[in-house]
Amino acid sequence: MAFFVSLDTLDQPTTAKEIRHALKSPRTRKSPAAPPSDIPPALWERIKDHPCYSEEAHHYFARMHVAVAPACNIQCNYCNRKYDCSNESRPGVVSEKLTPEEAYRKIIAVANEVPQLSVLGIAGPGDACYDWRKTKETFARIAKAVPDLKLCLSTNGLALPDHVDEIADMNIDHVTITINMVDPEIGAKIYPWIFYNHKRYTGVEASTILHERQMLGLEMLTARNILVKVNSVLIPGINDAHLSTVNAEVKKRGAFLHNIMPLISDPAHGTHFGLTGQRGPTPAELQAVQDACEGGANLMRHCRQCRADAVGLLCQDRGQDFPISSIPEDITYDPTKREAYRAVIARERDDHRQAKHAAAVALRDAESSARILVAVATQGGGRVNQHFGHAKEFQVYEASAAGVRFIGHRKVDAGYCGGGGDTALDGIIKALAGVEVVLCAKIGECPQEKLVAAGIATSDAYAYDYIESAIGDYYADRYGLKQLALRA
């Protein structure tokens, strides 16, 4: 197996000495990863280490959100900003609000301990542009201390046009705008009210103002060559048939990515939609809407709908490991771990990209017309490297003669070995609806038997292979094709 850096470092500390030792391994490549052939080099430099803007990067790099912006200027029917909840994983939720000074200390602490950290974002728990003074002060502090961190903010767009010039001056290169509609009649079903120019607006009037401000902000950002990701919440029966129009309109205005996310609707969250019975989409419904937008704005399918205080890889969250009470008042940034990690991971990414290309070429020659969905248990690094019983989410890929295509992820309430047992397994089977096989590093006989009884095959024969290589070999084995020999 080729050398790779285990991204278990988010759970188990890795020292700079260990990373430097790995860097000397004769099995690592001598050349750094080159840009993919379909992305201009200048653009690749801007997105290659951003786990949200690059699907490849999310296997290797971590983000951090700091909750310094609690004030918000709109109300969404899917949002209930709880500031003290540690057990929910969804936007707008945090365990503790921070001042800019506290955020600075926490960022330094995380940068010292999480070598994968590449992006600092402010995503609330309110609106980063409405609570602008705190957002600006936080970014200004950290830009001086850790200048190689990418700065990123998320906004509903209402106050965005007022701050675009400052955003550009501060080198905030990535901005996310949540745009759920371009038709105010639809918007009135999503937004009860907005607060704009010292006045509260409701109904279609509110949605009209919000729509106009969102489009203006998007156009202003793209005119300044700032990369924009548009988030849209898919709400069945309200905007599901409308999101292809949203996709076309944001593409027209230069959006770099469109992220269509499922509505999270649980009565326990206390949102209007949750309390009134508005359901979220099934995985199949979400995929259908995303597929309908193919050919428009580029789609992001690997979003995890992060908390406003998330830390770590997108598939993990270490936010609870860094409470502000545990961080010393006087803390100094040490870049050693992050610098060493980047040197190693450049070689690993090059290996992974070549394996993906080889899998695509080999499957292209397959005579089978079958398309199957494959769920993968992974801890990161683009590998099949997690025990089935420890997985709290599965990454889902489609395999066919057209290649291996990332579809999305399926979260589960609890891992099988995390105390959930058979009850958790029932939830996992439900979450994996439509999936034909699960690939993992290891699986016990009992869950394996129950999955097979539910029509889901399992295999740990491809443990620690690259995901695309493992899926390609499984496809070849299953359909009697020539073994692809893509194991890393």
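Up top is the structure.
The rules behind each value
- Residues numbered from 1 in each chain as written.
- Predicted model: local features only at pLDDT ≥ 70, side-chain atom pairs only at ≥ 80, totals over all residues.
- Heavy atoms only, no water.
- Helix = DSSP H or I, 4+ residues; strand = E, 2+ residues; numbered from the N terminus.
- Buried < 20%, exposed > 50% of the residue type's maximum accessible area, 1.4 Å probe, protein only.
- Contact = heavy atoms within 4.5 Å.
- Areas by Shrake-Rupley, 256 points an atom, 1.4 Å probe, with all protein chains shown as cover.
- Pairing = 2+ DSSP bridges.
- Axes fitted to C-alpha atoms, helices over the stretch in contact; angles between N-to-C directions.
- Parallel < 35°, antiparallel > 145°, perpendicular 65-115°, else oblique.
- Left-handed = near helix turned anticlockwise from the far one by under 90°.
- Expected span 1.5 Å × (residues − 1).
- Salt bridge = Lys/Arg side-chain N within 4 Å of Asp/Glu carboxyl O.
- Core = buried A, V, L, I, M, F, W, Y, C linked by side-chain atoms within 4.5 Å.

## Description of the overall build of the chain
At step 1: Per the secondary structure count, the chain includes 14 helices and 16 strands.
At step 2: Counting every position in the chain, which comprises 488 residues, the buried fraction comes to 57%.
At step 3: The contacts of the chain with a sequence gap of at least 6 include a subset with a gap of at least 24, amounting to 73%.
At step 4: Carbon and sulfur atoms form 50% of the exposed surface of the chain, whose accessible area is close to 19,800 Å².

## Points about the sheet that holds strand β1 (residues 62-65)
At step 1: The mixed open sheet is built from eight strands, whose spatial order is β10-β9-β8-β5-β4-β3-β1-β11. Among the strands making up the open sheet, the edge pair consists of β10 (299-300) and β11 (311-312).
At step 2: Running over the sheet, helix α7 (residues 203-223) touches β5 (174-178) and β8 (227-234) and is turned about 165° from β5.
At step 3: The sheet contacts of helix α8 (residues 243-252) involve β8, β9 (257-262) and β10, and relative to β8 the element is tilted by about 170°.

## As for the pairing of strand β3 (residues 117-122)
At step 1: Counting buried residues in β3 gives six out of six residues, a clear majority hidden from the surface.
At step 2: Two elements, β1 and β3, share four bridges in a ladder whose sense is parallel. Along β3, the bridge assignment pairs Ala62 with Leu117.
At step 3: Alignment of β3 against strand β4 (residues 150-155), held across four bridges, turns out to be parallel. If you follow Gly121 over to β4, its bridge partner there is Cys152.

## Considering the packing of helix α11 (residues 336-364) against helix α14 (residues 467-478)
At step 1: Following both chains from N to C, one finds α11 and α14 inclined at 25°, their axes separated by 8 Å at the closest point. What the angle tells us is that α11 and α14 run roughly parallel. The way α11 lies across α14 gives a crossing that is left-handed. Contacts between α11 and α14 involve His352, Ala355, Lys356, Ala359 and Leu363 from the first element and Glu468, Ser469, Gly472 and Tyr475 from the second.

## A word on α14
At step 1: Under the 1.5 Å per step criterion, the end-to-end length of α14 is 16 Å for 12 residues, consistent within 8% with the ideal 16 Å.
At step 2: Counted residue by residue, α14 has 10 buried out of 12 residues, so it is predominantly covered.
At step 3: Among all positions of α14, only Ile467, Glu468, Ser469, Ala470, Ile471, Gly472, Asp473, Tyr474, Tyr475 and Ala476 are buried.
At step 4: Against the buried residues of α14 lie α11, β12 (372-376), β13 (393-400), β14 (403-411), β15 (437-439) and β16 (457-459).

## Examining the sheet that holds β14
At step 1: Sheet architecture is open: five strands sit in the order β14-β13-β12-β15-β16, paired in mixed fashion. Each end of this open sheet is capped by a strand with a single partner; those strands are β14 and β16. Strand-to-strand twist of the sheet, defined as the mean angle between neighbouring strand axes without regard to direction, takes the value 25°.
At step 2: Where β12 lies against β13, five bridges are found, and the strand directions are antiparallel.

## Overview of the pattern of salt bridges
At step 1: Enumeration according to the criterion identifies 31 salt bridges in this entry.
At step 2: Between Asp173 and Arg46 there is a salt bridge, with the nearest N and O atoms lying 2.7 Å from each other. Within this pair, whereas Asp173 is found in the loop between α5 (164-169) and β5, its partner Arg46 is found in helix α2 (residues 41-47), the two being separated by 127 residues in sequence.
At step 3: Residues Arg253 and Glu249 are paired through a salt bridge, measuring 2.7 Å at the closest nitrogen-oxygen approach.
At step 4: Via salt bridges that share partners, Lys48, Asp49, Glu56, Arg342, Arg349 and Arg353 belong to a single interconnected network.

## Observations concerning the nonpolar core
At step 1: Counting residues in hydrophobic clusters, the biggest one holds 59 residues, and the most contacted among them are Leu153, Ile167, Ile172 and Leu221.
At step 2: Setting aside chain neighbours within four positions, we find Ile172 in contact with Trp132, Phe139, Leu151, Cys152, Leu153, Ile167 and Ile226.
At step 3: By size, the runner-up hydrophobic cluster in this structure holds 36 residues, among which are Ile186, Ile190, Val233 and Leu263.

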